[in-house]
Amino acid sequence: MLFSAHRYFFRRVRIIGLAALIAMQLGACVPLTAVVDEAQQAYERLRDHNVVAARERKEKEESERLRSSASDAESESVSQTAQAAPSPGRAATISDDSVVVSGDIMRRVQQGQLEVASAGLTTQPFVGPVRRAAPDTEGVPRPLQGPPRNPVGLIPPLPDRLQLPVANGEPLTEIEVAPNVRAIERQWVMVVNPEQRIQLEIQAPVVLQFMIREHELNAMNRDVLVFDVPAELDADDAILQLLPDSLRPLMDRNHVYQAQSGPVPARGSSVPLPVPLAAICQAPVSIGIIDSAVDNTHPALAYRGRQAPVVSRSFIEEGLSSPPAHGTSIAGVLIGQGDDLSPVVPNATLYSAAVVYSQDNYRQGASAASIMQALDWLAGESAVSVINLSLTGPANRVLEQGVNIAADQGKVLVAAAGNNGPFAPEQYPSAYDPVVAVTAVAADRSIYRWANQGNHVEFAALGVQLPTAGNDGRLTRQSGTSLAAPIVAAFFACELSRNGGSIALARETLQALAEDLGDIGRDAVFGYGLLHPWPVPQR
């Protein structure tokens, strides 16, 4: 009894402690009691699943034992050997004292159907391309194979159906259309040029009756059409069957892209930043950021009495709330000033395209339609040479068109690789060919534990415990590929300013400048290597 009481006490303390870290990272806007309650509920849900799984496993083992006893000795030996050696791809078993998570539960966890609460659980180390782990993530469970919906395990997943409150309008519903893929319910988007618009009116007029709005993309010479289709046309992508073959590649769901806020580290970094980031250049560059709104009154941005050099436009659906925290953090990396925080492009002007809305107290999303409008605005701003997107989501035919058009118009697009773990599928827009995909490393050059990996990764930058602008006028240290991306965007902006605007030359120069990490040459973990705005200690 005493042992059980101690075990419960320390487990409860761990849940509260981890919940407190999340509450502190998110700011005072989230009550600690609410986070603790959610942490406890997540643990209890997993415990219930574990009990059922243990019972099922016991019944299965008993059944196998009875079948095995009826076979000959050789078959029994082969059966025992097969049971002793896990099959390829089988996840490592997770145990919590006497409760065991079965292989079936593990597979469901990997597929995102169940959440793993970090309190009281440990995982077997995985064998993969990551040879070194960032020091500040010690104690956090290593990622399982497959994209975890909730790497930390304390914040519950978004519901399959999430109603978004819209002020003075019809509420929108966000749904999960596939594992880890979300979209606005029954909304489809299409990007067409004038000739394609005429073709649509002639060959598929029935589709136009479902159009609820359209937006002119002046810089791209196209229109974004947004449709709200009946359920029978939404299912199995039936709406596409109403289009001629040549127009089908121009339409896709109104997918939702997540702002890339990394999991909260379990402990502070044991390797402190040597100095604040140094300026990459003093040139008056202009950088576009597609993210949440930016709080240009934040003391880190509007310091020494000056007005923050931020030009802002909003492309968020009317009535949706837009918390400025994530975009302000991205701006803080670029132009912020404060303790342990120095601007990497001190004379830059930022063009902030707000597309991110609030999903809940923890997460933010942006629709493909909003991102397309933001891309068009920034593509039309001649001063903007580089566009940063710290957003990730699924492949989308409409977004791919926007990325290609913006790149053809001379813009460098830099995007976060994602924070879903090394075995997760590639995320977009970072995986599109014209986009520069950025991963994150710690101060000792170790890879960020939760960073996505793949052959599309091009550069790495500091993105673990990075000082930047936080909530409520504070300065915080944050982690994630979203924080690393603007550093690489700044490198491109400065290099383009130096060489007269040659993107090919800038890419070649930065590839040569990057410090090679991991395997020799470009690899799926670090890309070409680390771009760092200050000298780093020699290994």
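In short, a report on the structure. Bear in mind the structure is a predicted one, so any value in this text is a computation, not a measurement. (Residues numbered from 1 in each chain as written. Predicted model: local features only at pLDDT ≥ 70, side-chain atom pairs only at ≥ 80, totals over all residues. Heavy atoms only, no water.)

## Quick look at the overall build of the protein
Within the protein, the secondary structure is distributed over 12 helices and 20 strands. For the protein, the residues scored as buried account for 53% of the 539 residues in total. Sequence-distant contacts in the protein: of pairs separated by 6 or more residues, those separated by 24 or more amount to 74%. Summed over its atoms, the accessible surface of the protein is roughly 23,500 Å², and 51% of this surface lies on carbon and sulfur atoms. (Helix = DSSP H or I, 4+ residues; strand = E, 2+ residues; numbered from the N terminus. Buried < 20%, exposed > 50% of the residue type's maximum accessible area, 1.4 Å probe, protein only. Contact = heavy atoms within 4.5 Å. Areas by Shrake-Rupley, 256 points an atom, 1.4 Å probe, with all protein chains shown as cover.)

## Comments concerning the sheet that holds strand β10 (residues 310–314)
Strand order in the open sheet formed by 7 strands is β10-β11-β9-β14-β16-β17-β18, and the pairing between neighbours is parallel. Here the strands that pair on one side only, and so sit at the sheet edges, are β10 and β18 (457–462). With direction set aside, neighbouring strand axes in the sheet form an average angle of 25°. Pairing of strand β9 (residues 286–291) with strand β11 (residues 349–354) involves 6 bridges; the strand directions are parallel. If you follow isoleucine 290 over to β11, its bridge partner there is alanine 353. The sheet strands contacting helix α8 (residues 325–335) are β9, β10, β11 and β14 (386–389), and the helix crosses β9 at an angle near 160°. (Pairing = 2+ DSSP bridges. Axes fitted to C-alpha atoms, helices over the stretch in contact; angles between N-to-C directions.)

## Considerations on the packing of α8 against helix α11 (residues 481–499)
Orientation of α8 relative to α11, taken along the N-to-C sense of each, is 40°, at an axis distance of 9 Å. When the axis of α8 is compared with that of α11, the two are oblique. Helix-helix and strand crossings are classified by hand; for α8 and α11 the assignment is right-handed. Together, His326, Ser329, Ile330, Val333 and Leu334 of α8 and Ser482, Leu483, Pro486, Ile487 and Ala490 of α11 make up the contact between the two elements. The class makeup of the residues in the contact of α8 with α11 is 7 nonpolar, 3 polar and no charged. (Parallel < 35°, antiparallel > 145°, perpendicular 65-115°, else oblique. Left-handed = near helix turned anticlockwise from the far one by under 90°. Nonpolar A, V, L, I, M, F, W, Y, C, P; charged D, E, K, R; others polar.)

## Brief notes about the pairing of β11
Counting buried residues in β11 gives 5 out of 6 residues, a clear majority hidden from the surface. Taken together, the 5 bridges between β10 and β11 define a ladder with parallel strand orientation. Each residue of the ladder has a partner; that of valine 310, found in β11, is leucine 350. What joins β10 to β11 is α8, and the crossover it makes is left-handed. (Right-handed = clockwise from strand over helix to strand, strands pointing away.)

## Description of empty space enclosed by the protein
Going through the model one piece at a time under the given rule, you end up with 3 cavities of 30 Å³ or more. Split into classes, the residues belonging to the lining of the second largest cavity amount to 6 nonpolar, 4 polar and 2 charged. (1 Å grid on protein atoms, 1.4 Å probe; cavity = no way out; pocket = protein on both sides within 12 Å on 5 of 7 lines; lining within 4 Å. Points joined across faces, edges and corners; volume = space filled by probe spheres on them.)

## Structural notes on helix α9 (residues 368–379)
Across its 12 residues, α9 extends 16 Å between first and last C-alpha, which sits within 8% of the 16 Å expected from 1.5 Å per residue. Taken across its 12 residues, α9 has 12 buried, putting it largely inside the fold. When we look at burial in α9, the residues that qualify are Ala368, Ala369, Ser370, Ile371, Met372, Gln373, Ala374, Leu375, Asp376, Trp377, Leu378 and Ala379. (Expected span 1.5 Å × (residues − 1).)

## Some details on the environment of alanine 279
Structurally, alanine 279 can be placed in the loop between β8 (251–259) and β9. By relative accessible area, alanine 279 is classed as partly exposed at 34%. Counting along the chain gives 212 residues from alanine 279 to phenylalanine 491, while the straight-line C-alpha distance between them is 10.0 Å. Setting aside anything within four residues of it in sequence, one finds alanine 279 in contact with Pro343, Val344 and Pro346.

## What about the environment of serine 352?
By the element assignment, serine 352 lies in strand β11. For serine 352, a relative accessible area of 1% puts it in the buried group. Counting along the chain gives 25 residues from serine 352 to glycine 327, while the straight-line C-alpha distance between them is 8.1 Å. Serine 352 has contacts with Ile289, Ser292, Ala293, Val294, Val310, Val311, Ser312, Arg313 and Trp377, leaving out every residue within four places of it along the chain.

## A few points about the state of the cysteines
What makes a disulfide is a covalent bond joining the sulfur atoms belonging to two cysteines. A full pass over the atoms with the stated rule returns 1 disulfide. With its sulfur 2.0 Å from that of its partner, cysteine 281 forms a disulfide with cysteine 494. Handedness here is read from the sign of the S-S torsion; for cysteine 281 and cysteine 494, about -70°, the answer is left-handed. Of this pair, cysteine 281 sits in the loop between β8 and β9 while cysteine 494 sits in helix α11, placing them 213 residues apart in sequence. The same class applies to cysteine 281 as to cysteine 494, namely buried. (Disulfide = S-S within 2.5 Å.)

## Looking at the side chain of threonine 476
As for its position among the elements, threonine 476 is in strand β20 (residues 475–478). Residue threonine 476 is classed as buried on the basis of its relative accessible area of 14%. Polar contacts involving the side chain of threonine 476 include one to the side chain of glutamine 478, which spans 3.0 Å. Other than its neighbours up to four places away in sequence, threonine 476 contacts Leu466, Pro467, Thr468, Ala469 and Gly470. (Polar contact = N/O pair within 3.5 Å; in protein donor to acceptor, adjacent residues only side chain to side chain.)

## Overview of the pattern of salt bridges
Scanning the model with the defined rule gives 15 salt bridges in all. Arginine 197 is the salt-bridge partner of glutamate 214, the closest N and O atoms lying 2.8 Å from each other. In this pair, glutamate 214 sits in strand β6 (residues 211–217) while arginine 197 sits in helix α5 (residues 194–203), placing the two residues 17 residues apart along the sequence. Look at glutamate 214 and you get partly exposed, because its relative accessible area is 38%. Of the residues examined, arginine 197 reaches a relative accessible area of 15% and is grouped as buried. Look at the salt bridges and you will find they share partners, linking Arg197, Glu201, Glu214 and Asp223 into a network. (Salt bridge = Lys/Arg side-chain N within 4 Å of Asp/Glu carboxyl O.)

## Thoughts on unusual backbone geometry
Residues tyrosine 428 and proline 429 are joined by a peptide bond in cis, for which omega reads 15°. Unusually for a residue other than glycine, aspartate 236 sits at a positive phi of about 55°. On the secondary structure map, aspartate 236 appears in the loop between α7 (231–234) and β8. Residue aspartate 236 is classed as exposed on the basis of its relative accessible area, which comes to 76%. Positive phi outside glycine occurs at aspartate 237, with the angle close to 55°. The partly exposed category is assigned to aspartate 237, whose relative accessible area is 33%.

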